[in-house]
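Geometric and topological summary
Residues per chain are reported as follows:
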Number of protein chains: 2
Amino acid sequence: MDPHLLRTYVAVARLASFSDAARELGYTQSAVSQHVAALEADLGLPLLTRRPVAPTPAGERLLEHAGALLLRLDAARADLDRFAAAPRATLNVAASPLALHPRALAALPATGVTLRALPRDRVPAAVATGEADAGLVDGIAAPSDPLRLPDIAPLAATRVAEEPLAVVLPATHPLAGRTGVRLDDLVDARWLDAPAAGVPLGELRAVHGGPAGRGFRTALRYEGTDTRTLAALAADGHGLALLPLPAAGGVPGAAAVPLVAPRLVHRTELLLAAGARREAAGPVAEFSRRLRS
Amino acid sequence: MDPHLLRTYVAVARLASFSDAARELGYTQSAVSQHVAALEADLGLPLLTRRPVAPTPAGERLLEHAGALLLRLDAARADLDRFAAAPRATLNVAASPLALHPRALAALPATGVTLRALPRDRVPAAVATGEADAGLVDGIAAPSDPLRLPDIAPLAATRVAEEPLAVVLPATHPLAGRTGVRLDDLVDARWLDAPAAGVPLGELRAVHGGPAGRGFRTALRYEGTDTRTLAALAADGHGLALLPLPAAGGVPGAAAVPLVAPRLVHRTELLLAAGARREAAGPVAEFSRRLRS
DNA sequence: GAAATTTACGCTATTCGTAAATATC
DNA sequence: GATATTTACGAATAGCGTAAATTTC
């Protein structure tokens, strides 16, 4: 189970071709074939069917392991590399769309900043592998609870902000006038699933504690990142949206009603590779220090 | 960052000796020295001080990564090995002390069972690496929330049971007569820290959502696994204990008062390596099926 | 029979052990 | 000076590419 072999195997499985994988990895087809053969011999299992090239059931399993494994390996290397490298002169921030809290924006250094929007679940990996120096992620959690992040690598998470959650509904909706809604009142409602722009429904289900069982049916899926659009969709009756309260207001035809039960908040966290915390100077340290205070 | 090198490095760091590590791994001292040198060259960093042998700061960092990495690697191998192997004839269960719920005991097959008690945090690893065929873990969580387990490998977790939590206090305690207590009433209290026998205070703090900030001072630490002893200590005024309600009752001089706020439960889960779920027959499948129904 | 994967084979680079050299307490 | 780590060096091995063989559509 040499990582090289795993890496090759993953590439072959992804591209469904030995030859294409060889091109991508800079090997000959022969070498790729030998890699896969070695892996199969090592595990005593066929991993791929040939013609067409597709993973066997055992191969599917291995893919799950291999992905995480290679990610961790890259993360370890990146983290250790940071030890040796000089403090960076620029700051590379990966952020999920809703994590760009004013407090975070205010803490950004004046120059040398690159800000990249990434899907929520790719932010931790970006920080771990060194693609980004710092990450800003959001999610929902119980008040003052940390977010549940996948542990790709030892990352230091710091609270940046917590805001109430709000349900966005059409101004004509019977609940629109309320000062607060309970989620239980809305289990039968149709929701907008907007993993990028809004709070992902899956996460809500996880935190709220419903097993796959009840509710949260999806009416429409929106794949963009614009919260105004999302609120407009909600105003137009395509389904309910869940947003941080500050982001939910001010859309014509829409009412934002705070979610009062269960007691959940929209939380933003700063993510730093643990190795990066040693840096005493530089924009990464500066950004981190400002957000911490 | 070859896993072999990492494994050697970890052994050297743990044993604080090149020679001892060589003996343990079945290499010569020379080979071990070369391994460490190769790693240091690869990363461009010194990882160990010699005489005495101890990890440098960078080495410490690497240890964190390496541990998780090697664990995942072992888990992957074990998981794939299960694919090739014939269904096991015996059932090897790893369980944290409080996870031995009657429902779990009742589901055990009549013969061929080995039951091993393990600290809570080692159960997932035991299942992942194949040391155990199945695991029973407990912890505290919001009602019908899954436990937060470290993701060493893709493990399938199933709910086995949820029980109310109870605070165990001396019968003479002012709150002893209550039908329920709120945790907020007890932040100033002294607690028994019994990571093995009771619910770990750290976990409570995490779920309840206090950052390192307030409360949960420890009066006495008990490292055994016996809940009766723990309750007796609480009865004797050495501090408060937190136990699942069923385990908390019936101790002379002690009162068990259900915890009513925050709404948390003691939860037990069955852990199965995802690879093992394919087994249609055998004691592992039988055990799993009985607990699922 | 064309396209793709596997196998054969030779070259090179790596890895490990023996043994000598060197460093540290 | 004894103990422990490093270095030098040779033998075995593993890994890759070229090219021929084989498989499959």
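Residues numbered from 1 in each chain as written. Chains lettered and ligands numbered in written order. Predicted model: local features only at pLDDT ≥ 70, side-chain atom pairs only at ≥ 80, totals over all residues. Heavy atoms only, no water.

The subject of this paragraph is the relation of the copies chain A and chain B. Superposition record for chain A on chain B: RMSD 0.1 Å, screw rotation 180 degrees, translation along axis 0.1 Å. Here the transformation between the copies is reduced to the relation of a two-fold axis. Of all interface residues in chain A, 100% are interface residues in chain B too; the two copies therefore contact each other through one and the same surface. (Least-squares fit on C-alpha atoms with pLDDT ≥ 70 in both. Contact = heavy atoms within 4.5 Å.)

Contacts between the two partners involve 39 residues from chain A, matched on the other side by 40 residues from chain B. The tally of links between chain A and chain B comes to six salt bridges. Between R77(A) and D42(B) there is a salt bridge; the shortest N-O distance is 2.6 Å. Of all the secondary structure elements, the ones that give two or more residues to the side of chain A that touches chain B are α3 (29–43), α4 (57–84) and α7 (201–208) of chain A. When residues of the side of chain A that touches chain B are assigned to their parent elements, the largest contribution, 17 residues, is made by α4(A). (Salt bridge = Lys/Arg side-chain N within 4 Å of Asp/Glu carboxyl O. Helix = DSSP H or I, 4+ residues; strand = E, 2+ residues; numbered from the N terminus.)

In the numbering used here, UniProt assigns the "domain: HTH lysR-type" (unreviewed entry) feature to residues 1–56 of chain A. Taken end to end, residues 1–56 of chain A is 64% helix and 7% strand, and its two terminal C-alpha atoms sit 17 Å from one another. (UniProt positions renumbered as here; feature names shortened; annotations may be inferred.)

This part is about the packing of helix α1 (residues 3–15) of chain A against α3(A). Residues and elements named next belong to chain A. Orientation of α1 relative to α3, taken along the N-to-C sense of each, is 110 degrees, at an axis distance of 9 Å. As the angle between them shows, α1 and α3 are arranged roughly perpendicular. Seen from above, α1 lies across α3 with left-handed handedness. Listed contacts from α3 to H4, L5, L6, T8, Y9 and V12 of α1 are V32, H35, V36, A38 and L39. Of the residues belonging to the contact of α1 with α3, the class tally is eight nonpolar, three polar and no charged. (Axes fitted to C-alpha atoms, helices over the stretch in contact; angles between N-to-C directions. Parallel < 35°, antiparallel > 145°, perpendicular 65-115°, else oblique. Left-handed = near helix turned anticlockwise from the far one by under 90°. Nonpolar A, V, L, I, M, F, W, Y, C, P; charged D, E, K, R; others polar.)

With respect to spatial proximity, 16 residues lie near DNA strand C, and among them S19(A), S33(A), R50(A), H35(B) and R51(B) are the closest. Sugar and phosphate atoms form 56% of the subset of DNA strand C atoms that lie within 4 Å of the protein. A distance of 3.0 Å separates a base oxygen of DNA strand C from a polar atom in the side chain of S30(A). Residue R51(B) places a main-chain N or O atom 3.0 Å away from a phosphate oxygen belonging to DNA strand C. Breaking the surface near DNA strand C down by element, the ones donating at least two residues are α2 (18–25) and α3 of chain A together with α3 (29–43) of chain B. Considering every element that reaches the surface near DNA strand C, the biggest residue donor is α3(B), with four residues. Looking at the surface near DNA strand C residue by residue, the classes come out as four nonpolar, nine polar and three charged. (Near = heavy atom within 4 Å. Polar contact = N/O pair within 3.5 Å; in protein donor to acceptor, adjacent residues only side chain to side chain.)

The environment of DNA strand D is made up of 16 residues, and the closest members are H35(A), S19(B), S33(B), R50(B) and R51(B). Close to the protein, within 4 Å, the atoms of DNA strand D are drawn from sugar and phosphate at a rate of 56%. F18(B) is positioned with one of its backbone polar atoms (N or O) 3.2 Å from a phosphate oxygen of DNA strand D. One of the side-chain nitrogen or oxygen atoms of S33(B) is found 2.7 Å away from a phosphate oxygen of DNA strand D. Among the secondary structure elements, those contributing two or more residues to the surface near DNA strand D are α3 of chain A together with α2 (18–25) and α3 of chain B. Class assignment for the residues of the surface near DNA strand D results in four nonpolar, nine polar and three charged.

Our focus in this paragraph is the domain arrangement of chain A. Residues and elements named next belong to chain A. Once the domains are mapped, chain A shows domain 1 (3–84) and domain 2 (90–293). Computed from C-alpha atoms alone, the centre-to-centre distance between domain 1 and domain 2 is 34 Å. Between domain 1 and domain 2, the residue contacts involve eight residues of the former and 15 residues of the latter. Taken together, both faces of the contact between domain 1 and domain 2 bury some 890 Å²; the carbon and sulfur share is 61%. Across the contact surface, domain 1 and domain 2 share zero salt bridges. For the pair domain 1 and domain 2, the interface holds three residue pairs in polar contact (both at pLDDT 80 or more). In terms of residue class, the side of domain 1 that touches domain 2 is built from four nonpolar, no polar and four charged. (Domains from an automatic or database assignment. Buried area = accessible area lost by both parts, 1.4 Å probe.)

Here chain A averages 87 in pLDDT, and 94% of its residues register 70 or above. Element-level pLDDT for chain A is lowest in α7(A), with a mean of 65, against a maximum mean of 96 in α1(A). (pLDDT = per-residue confidence, 0-100.)

It is worth spelling out the environment of E286(B) at this point. Residues and elements named next belong to chain B. Topologically, E286 is positioned in helix α10 (residues 282–292). Using a relative accessible area of 26% as the deciding quantity, one classes E286 as partly exposed. Each C-alpha atom, one on E286 and one on A274, is 15 Å from the other, the two residues being 12 residues apart in sequence. (Buried < 20%, exposed > 50% of the residue type's maximum accessible area, 1.4 Å probe, protein only.)

According to the stated counting rule, one finds 36 salt bridges over all chains in the structure shown. One salt bridge in this structure joins R148(B) and D145(A), with 3.2 Å as the shortest N-O distance. With R148(B) in the loop between β5 (134–141) and β6 (155–170) and D145(A) in the loop between β5 (134–141) and β6 (155–170), this residue pair bridges two chains. A salt bridge links R7(B) to D74(B), with the nearest nitrogen and oxygen atoms 2.7 Å apart. Of this pair, R7(B) sits in helix α1 (residues 3–15) while D74(B) is found in helix α4 (residues 57–84), placing the two residues 67 residues apart along the sequence. Put simply, R61(A), E64(A), D79(B) and R82(B) are held in one network by salt bridges that share partners.

This part takes up α3(B). Every α-helical turn comprises 3.6 residues, leaving residues that sit three or four positions apart pointing alike. Taking 1.5 Å as the rise per residue, α3(B) with 15 residues should run 21 Å; its terminal C-alpha atoms sit 21 Å apart, in good agreement. Buried residues of α3(B): A31(B), V32(B), H35(B), V36(B), L39(B), E40(B) and L43(B), and no others. Where the residues of α3(B) are buried, they touch α4 of chain A together with α1, α2, β1 (48–49) and α4 of chain B. In the segment just after α3(B), G44(B) is the residue with positive phi, at about 70 degrees. (Expected span 1.5 Å × (residues − 1).)

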